[in-house]
Amino acid sequence: MSERMELIGRAFLRPSPVVPLDFPAAHLRAKLEFCNPIGSIKDKPAYWIIKSAIEQGIIDETTTIVESSSGNFAIALAVLCHHLRLRFIPVIDPNISMLNEMCLRNLCREVVKVSVRDDTGGFLKTRIAKVKELCQQIPNSFWTEQYGNLDGMAGHYHLTGGQICAHVKNLDYVFLGVSSGGTIAGVSTRLKEKFKHMEVVAVDVVGSVIFGGPPGKRYIPGIGASLVPELVARAAIDRVVMVSETETVQGCRELFGRDGVFAGGSSGSVYAAIKKTLKNENSLSKPDVLFLCCDRGTSYLDTVYNDEWCARLANSLTS
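The sections below set out a description of the structure shown in this document. All of these numbers come straight from a predicted model, not from anything done at the bench. (Residues numbered from 1 in each chain as written. Predicted model: local features only at pLDDT ≥ 70, side-chain atom pairs only at ≥ 80, totals over all residues. Heavy atoms only, no water.)

### Re the packing of helix H8 (residues 245–259) against helix H10 (residues 307–318)
For step 1, the next point in the chain: It is the contact of H8 with H10, at a shortest axis distance of 10 Å, that shows an interaxial angle of 155°. It follows from the interaxial angle that H8 and H10 lie roughly antiparallel. Only Asp307, Trp309, Cys310, Leu313 and Leu317 of H10 make contact with H8, whose side of the interface consists of Glu245, Thr246, Val249 and Arg253.
For step 2, the next point in the chain: Of the residues contributing to the contact of H8 with H10, the split by class is five nonpolar, one polar and three charged. (Axes fitted to C-alpha atoms, helices over the stretch in contact; angles between N-to-C directions. Helix = DSSP H or I, 4+ residues; strand = E, 2+ residues; numbered from the N terminus. Parallel < 35°, antiparallel > 145°, perpendicular 65-115°, else oblique. Contact = heavy atoms within 4.5 Å. Nonpolar A, V, L, I, M, F, W, Y, C, P; charged D, E, K, R; others polar.)

This is the structure we're talking about:
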């Protein structure tokens, strides 16, 4: 298993590209994390968590991996476990895209889908309760626990953050969407070591409780959470910007129509936050700004890129 993991690792050490975007108020660059081997930013923490657990002897050939995920992290784990010949059970919910669910059902012998909303109106607590139940039932099971596993943060510190530091000479702002907390914890910690003056802007969506907002129904996966992830406390955050899911849709469509970047929901949320934040900035020179495009828009064709779905979303948010 260790030899197979070493071969897999060669692909994960390749940096994802950083591209400039046309943005009047700043020198804006996007790091295209959807160019990672499996297709999203979640490739990196999934790889690092599994690699570390194998090295520590926590995972062997008989281990069953279990995780709660709205899509990308589960797919990354599913592909890794497929190559490592490990059993993997993802726990998903109705907000997962049809494409991601199809991928998981093709890669995994068993997929568990919860349908009951938790006390915040989301599904995360329900999914986590199901993960804990499965781990009690299955001998030699391992919960990768993306919301609290320090190895997930370490993956972003060494890989995502390390790649940015190697490629970028100056940064005034980095905008990072928050969900499991591993990305912002690992990336902000690494970048603050190099760019002392840089401001870390955390981006969340209305209905998420991560930064103390009231809970509410959310329909676009990949950003926000129904609980406060443990890893967020380890992040170096200077300010928080909240966006609505309507702004998420607008951000996605503008990124695609204006810059040709076909990205998912969290990318649209972050782009919307950048526009809201920098329009009021008073600076003699344009700041250097970077954000992450965490996944491709393909999984969102039936949601944020679908006019009928967007109309239903707008009605549900105003009713």
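Picking up after the structure, the text goes on.
### Focus on the nonpolar core
For step 1, the next point in the chain: If you look at the biggest cluster of nonpolar residues, it comprises 39 residues, and the most contacted ones within it are Ile164, Leu171, Leu191 and Leu290.
For step 2, the next point in the chain: For this core, the elements supplying multiple residues, two or more each, are strand S4 (87–92), helix H5 (124–137), helix H6 (150–167), strand S7 (173–177), helix H7 (182–194), strand S8 (199–205) and strand S10 (288–293).
For step 3, the next point in the chain: Leaving out residues up to four positions away in the same chain, Leu290 has contacts with Val18, Arg29, Ile164, Val168, Leu171, Tyr173, Val174 and Phe175.
For step 4, the next point in the chain: Listed in part, the 32 residues of the second largest apolar core include Ile49, Ala74, Ala76 and Cys108. (Core = buried A, V, L, I, M, F, W, Y, C linked by side-chain atoms within 4.5 Å. Buried < 20%, exposed > 50% of the residue type's maximum accessible area, 1.4 Å probe, protein only.)

### Observations concerning the environment of Phe12
For step 1, the next point in the chain: By secondary structure assignment, the location of Phe12 is in helix H1 (residues 2–12).
For step 2, the next point in the chain: Residues Phe12 and Gln250 lie 238 residues apart in sequence; the distance between their C-alpha atoms is 31 Å.
For step 3, the next point in the chain: With residues up to four places along the chain from it excluded, the contact list for Phe12 reads Pro37, Ile38, Asp43, Tyr47, Leu80, Leu159 and Gln163.

### Brief notes about unusual backbone geometry
For step 1, the next point in the chain: The backbone of Arg85 shows a phi angle near 60°, a positive value even though the residue is not glycine.
For step 2, the next point in the chain: Summarising the element assignment, Arg85 is placed in the loop between helix H3 (72–84) and S4.
For step 3, the next point in the chain: One non-glycine residue, Glu145, adopts positive backbone phi at about 50°.
For step 4, the next point in the chain: Within the fold, Glu145 resides in the loop between strand S6 (141–143) and H6.
For step 5, the next point in the chain: Residue classification places Glu145 among the partly exposed residues on the basis of a relative accessible area of 30%.

### Focus: the sheet that holds S7
For step 1, the next point in the chain: Overall, mixed pairing links the six strands, which are arranged S1-S2-S10-S7-S8-S9 in an open sheet. Both outer strands of the open sheet, strand S1 (18–21) and strand S9 (239–243), are each paired with one neighbouring strand and no more. Geometrically, the sheet is characterised by an average inter-axis angle of 25° between neighbouring strands, direction not taken into account. (Pairing = 2+ DSSP bridges.)

### Here we look at the packing of aromatic side chains
For step 1, the next point in the chain: Under the counting rule described, the total for this entry stands at seven aromatic pairs.
For step 2, the next point in the chain: Note on Tyr173 and Phe175: the rings are 6.1 Å apart at their centroids and 35° apart in plane angle, and the pair reads as tilted. By the burial criterion, Tyr173 is buried, and Phe175 matches it.
For step 3, the next point in the chain: Consider the rings of Phe262 and Tyr305, whose centres lie 5.0 Å apart with planes at 55°: the pair is tilted. Residue Phe262 is found in the loop between H8 and helix H9 (265–278), and its partner Tyr305 is found in the loop between S10 and H10; the two are separated by 43 residues along the sequence. Take Phe262 and Tyr305: they sit in the same class, and that class is buried.
For step 4, the next point in the chain: An aromatic cluster of three or more residues is present, and its members are Phe23, Tyr271 and Phe291.
For step 5, the next point in the chain: Across the ring face of Trp48, the terminal group of Lys51 is positioned such that the distance to the ring centre comes to 4.3 Å.
For step 6, the next point in the chain: In this structure, Arg190 packs its charged tip against the face of Tyr157, placed 5.1 Å from the ring centre. (Phe/Tyr/Trp six-rings, centres within 6.5 Å; stacked < 30°, edge-to-face > 60°. Lys NZ or Arg CZ within 6 Å of the ring centre and 35° of its normal.)

### Notes on the side chain of Asp118
For step 1, the next point in the chain: Mapped onto the secondary structure, Asp118 falls in the loop between strand S5 (112–113) and H5.
For step 2, the next point in the chain: The side chain of Asp118 is buried and forms no salt bridge, while Lys125, the nearest opposite charge, is found at 6.0 Å.
For step 3, the next point in the chain: One polar contact links the side chain of Asp118 to the main-chain amide nitrogen of Leu124, over a distance of 3.3 Å.
For step 4, the next point in the chain: Apart from the residues within four sequence positions on either side, Asp118 is in contact with Phe123, Leu124, Lys125, Thr126 and Ser226. (Lys, Arg positive; Asp, Glu negative; His and termini not counted. Salt bridge = Lys/Arg side-chain N within 4 Å of Asp/Glu carboxyl O. Polar contact = N/O pair within 3.5 Å; in protein donor to acceptor, adjacent residues only side chain to side chain.)

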